[in-house]
Number of protein chains: 2
Amino acid sequence: MKDEFLKNWDTQMKKGLLPLFVLHIIAEKTCYGYELIERLKEITGFDITESTMYPLLTRLLKEGLLEAKWVEQNTGIPRKYYSLTKDGKSKLSEMKEASRTIFSKII
Amino acid sequence: MKDEFLKNWDTQMKKGLLPLFVLHIIAEKTCYGYELIERLKEITGFDITESTMYPLLTRLLKEGLLEAKWVEQNTGIPRKYYSLTKDGKSKLSEMKEASRTIFSKII
DNA sequence: TTATATACATCGTATTACGATGTACTATTG
DNA sequence: CAATAGTACATCGTAATACGATGTATATAA
């Protein structure tokens, strides 16, 4: 028996939190998409699929907050590694600051 | 010169935060819609319009987290006052707890 | 009279998470 | 050897929701 309201609320929360967490994780260490899905799960508990992560990364790339480069593997499929641009770092700071401010109102 | 990315991020953050803040404010004191818009602005800085607030209140009503009653005024238009149901109080607690947990990961 | 504030409400649009689905390579296991 | 699961990328259609625009009605101030 799932609670439909809270389930939906979680989904809506992610719309704001995902970009923040993804930038935060990449800021610590350059990552590729599939890895990000796992690290995000580990760190935040968010269980998102590829159909959420890849469009998000593409968006952040287009916005100029991320840059990517393909890295061939000795074996297996090449990986697309993402890192923060200068603008990405600056935006991440602003987002964290805004989050701190907002959450101090209620928590 | 507005930053389109941060402006859009704010909007997406609201999709999760608004229900939380609205329930939080109503929990402190029974409120009507127009009043909520002002109190929300005061407390959180969120500048939302009627086209955001009224559908949100209708939703929370339908979900059973809020209940409402019309109150006639000596002068002017009647006000629809909202208060938390038992389920609303319980959901609000869960949402605050979830928020604390999530934000502790990053802030 | 006109404008502004109060107080309710709805409609169409844009954004975005998610389920479903697809492609391709590697490793395991029966 | 064949089948399954895991890694790694990607796209499409749908549903949820903030927001601009707009509408109705009353009260007050310029």
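Structural data are supplied above this passage.
Since the structure is predicted, the reported quantities are computational estimates derived from the model, not experimental observations.

Conventions adopted
- Residues numbered from 1 in each chain as written.
- Chains lettered and ligands numbered in written order.
- Predicted model: local features only at pLDDT ≥ 70, side-chain atom pairs only at ≥ 80, totals over all residues.
- Heavy atoms only, no water.
- Near = heavy atom within 4 Å.
- Polar contact = N/O pair within 3.5 Å; in protein donor to acceptor, adjacent residues only side chain to side chain.
- Pairing = 2+ DSSP bridges.
- Helix = DSSP H or I, 4+ residues; strand = E, 2+ residues; numbered from the N terminus.
- Nonpolar A, V, L, I, M, F, W, Y, C, P; charged D, E, K, R; others polar.
- Contact = heavy atoms within 4.5 Å.
- Axes fitted to C-alpha atoms, helices over the stretch in contact; angles between N-to-C directions.
- Expected span 1.5 Å × (residues − 1).
- Buried < 20%, exposed > 50% of the residue type's maximum accessible area, 1.4 Å probe, protein only.
- Arc of directions from axis to C-beta.

Further remarks concern the protein's contact with DNA strand D. In the vicinity of DNA strand D there are 26 residues, among which Asn8, Tyr34 and Arg79 of chain A together with Lys14 and Ser51 of chain B approach most closely. Counting only the atoms of DNA strand D within 4 Å of the protein, the fraction contributed by sugar and phosphate is 65%. Note that a phosphate oxygen of DNA strand D is positioned 3.2 Å from one of the side-chain N or O atoms of Thr52 of chain B. With respect to DNA strand D, the side chain of Arg59 of chain B contributes an N or O atom lying 3.2 Å from a phosphate oxygen.

Residues and elements named next belong to chain A. Relative to strand S3 (residues 79–84), strand S1 (residues 31–32) runs antiparallel, the two being bridged by two bridges. Across the sheet, residue Cys31 finds its bridge partner in S3, namely Tyr82. Pairing analysis gives six bridges linking strand S2 (residues 66–71) to S3, with the strands arranged antiparallel. Within S3, the position partnered with Leu66 by the bridge is Leu84.

This part covers the protein's contact with DNA strand C. Neighbouring DNA strand C are 27 residues, the closest being Lys14 and Ser51 of chain A together with Asn8, Tyr34 and Arg79 of chain B. When the atoms of DNA strand C within 4 Å of the protein are grouped by moiety, sugar and phosphate amount to 65% of the total. Here a sugar or linking oxygen of DNA strand C sits 3.4 Å away from a polar atom, N or O, in the side chain of Gln12 of chain B. Here a base oxygen of DNA strand C sits 3.1 Å away from a polar atom, N or O, in the side chain of Lys15 of chain B. When residues of the surface near DNA strand C are traced back to their parent elements, those giving at least two are helix H1 (4–28) and helix H3 (50–62) of chain A together with helix H1 (4–28), helix H2 (33–44), helix H3 (50–62) and strand S3 (79–84) of chain B. Each residue belonging to the surface near DNA strand C can be placed in one class, and the counts come to nine nonpolar, 10 polar and eight charged.

This paragraph deals with the sheet that holds S1 of chain A. Residues and elements named next belong to chain A. Strand order in this open sheet of three strands is S1-S3-S2, and the pairing throughout is antiparallel. The open sheet terminates on both sides in strands that have one partner only, identified here as S1 and S2. In this fold H3 packs onto S2 and S3, with an angle of close to 120° to the strand it touches most, S2.

Residues and elements named next belong to chain A. Along its 13 residues, H3 runs 18 Å from first to last C-alpha, staying within 8% of the 18 Å computed at 1.5 Å per residue. The set of residues buried in H3 consists of Met53, Leu56, Leu57 and Leu60. In a view along the axis of H3, the buried residues occupy a sector of 100°, so they form one face of it. The exposed set on the far side of H3, more than 90 degrees from its buried face, consists of Ser51 and Lys62. Backbone geometry just after H3 places Gly64 at a positive phi near 85°.

Time to look at the sheet that holds S3 of chain B. Within a sheet, each strand pairs with its neighbour through backbone hydrogen bonds, oriented either parallel or antiparallel. All names here are of chain B. Strand order in the open sheet formed by three strands is S1-S3-S2, and the pairing between neighbours is antiparallel. Because the sheet does not close on itself, it has two edges, and the strands there are strand S1 (31–32) and strand S2 (66–71). Against the sheet, H1 touches S1, S2 and S3, its axis set at about 95° to S3.

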